[in-house]
Amino acid sequence: MKRRSPLEPFWEVEEVKEPPRELVPVEIPPHTVMLLGIAWDSNLYFVRDKGEALIIDTGTGVNWHVYTRIWESYLDGIKRAIIFNTHEHFDHVGGNGPLREWLEGKGIEVLFAAHEITAETLEKGDDYVILAYYYGRKFEPQRVDLRLKDGDKVRIGSLELELIHTPGHTAGSSCLYLDDGEARLMFTGDTVFKGTAGRTDLPTGNGRELKESLERLSEFDVDFGLPGHGNYIDDWKRNLAEILGWFQ
């Protein structure tokens, strides 16, 4: 049996020509829109308030043109956008460049934001951690404008989202918590999903740190958990309690 080269892609991500029927924006009033990722892409989130927008994760970049057909209708009055990456993996950061170019082409100022560990990885283009080659792609190093620490705030219009550093899936994995007075949302990346948690067997993953991160997240009051893949989490504390039971 031929041995696989460590640089040989595990998957070849292919471009989608037309939006799948199931790609329907899920609106979470009053500020947030969720798009389920196509194929290997992460979910993408769009938060807007008073002329500013926050995009959370960008997928592999292969299907960015499909997502922007939907984002187009949400851009009225947007002058400034922050693209935040929940962690370092290519299926969450590969679309950073195309989305920035698209937004800047519409006259929108764009800033990149991430936890400082993720920021360092992206600025180095460290593919040992980013794993672009898993998808048969290449990641170009990028500047990160806002290098954040635990407890820092991401501000969009009148909204403040708190960064919660949740290592375990990767060293830089982080969540964003938004309490806008009407809904309490936790954007979780790949730290926790509906019914399961992020894997820890990839570079910089750590099972002990993941358990500690999940314990910390369980202390928050959350109406909807918005993960990096799959459906939203609508029973936050029970979901986390069941997952933490696996660690006993």
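The structure displayed is predicted, hence computed values, not measured ones. (Residues numbered from 1 in each chain as written. Predicted model: local features only at pLDDT ≥ 70, side-chain atom pairs only at ≥ 80, totals over all residues. Heavy atoms only, no water.)

Some remarks on the pattern of salt bridges
Within this structure, the stated rule accounts for 14 salt bridges. Taking the shortest distance from any N to any O, the salt bridge between Glu215 and Lys211 comes out at 2.6 Å. Here Glu215 pairs with Lys211, and both are found in helix H6 (residues 207-217), just 4 residues apart, close to one helical turn. On the basis of relative accessible area, Glu215 is assigned to the partly exposed category, the value being 34%. Judged by its relative accessible area of 26%, Lys211 falls in the partly exposed class. (Salt bridge = Lys/Arg side-chain N within 4 Å of Asp/Glu carboxyl O. Helix = DSSP H or I, 4+ residues; strand = E, 2+ residues; numbered from the N terminus. Buried < 20%, exposed > 50% of the residue type's maximum accessible area, 1.4 Å probe, protein only.)

Observations concerning the confidence of the model for the chain
Across the chain, the average pLDDT comes to 92, with 91% of residues at 70 or higher. In this model residues 1-11 is a low-confidence stretch, pLDDT under 50, and it forms 15 contacts with partners more than four residues away in sequence or in other chains. (pLDDT = per-residue confidence, 0-100. Contact = heavy atoms within 4.5 Å.)

Here's the deal with the packing of H6 against helix H7 (residues 236-245)
Where H6 meets H7, the axes come as close as 10 Å, and the angle between the chain directions of the two elements is 155°. In terms of orientation, H6 and H7 fall into the roughly antiparallel class. The way H6 lies across H7 gives a crossing that is left-handed. Contact residues: Lys211, Leu214, Glu215 and Leu217 in H6; Trp236, Leu240, Ile243 and Leu244 in H7. Residue composition of the contact of H6 with H7, grouped by class: 6 nonpolar, no polar and 2 charged. (Axes fitted to C-alpha atoms, helices over the stretch in contact; angles between N-to-C directions. Parallel < 35°, antiparallel > 145°, perpendicular 65-115°, else oblique. Left-handed = near helix turned anticlockwise from the far one by under 90°. Nonpolar A, V, L, I, M, F, W, Y, C, P; charged D, E, K, R; others polar.)

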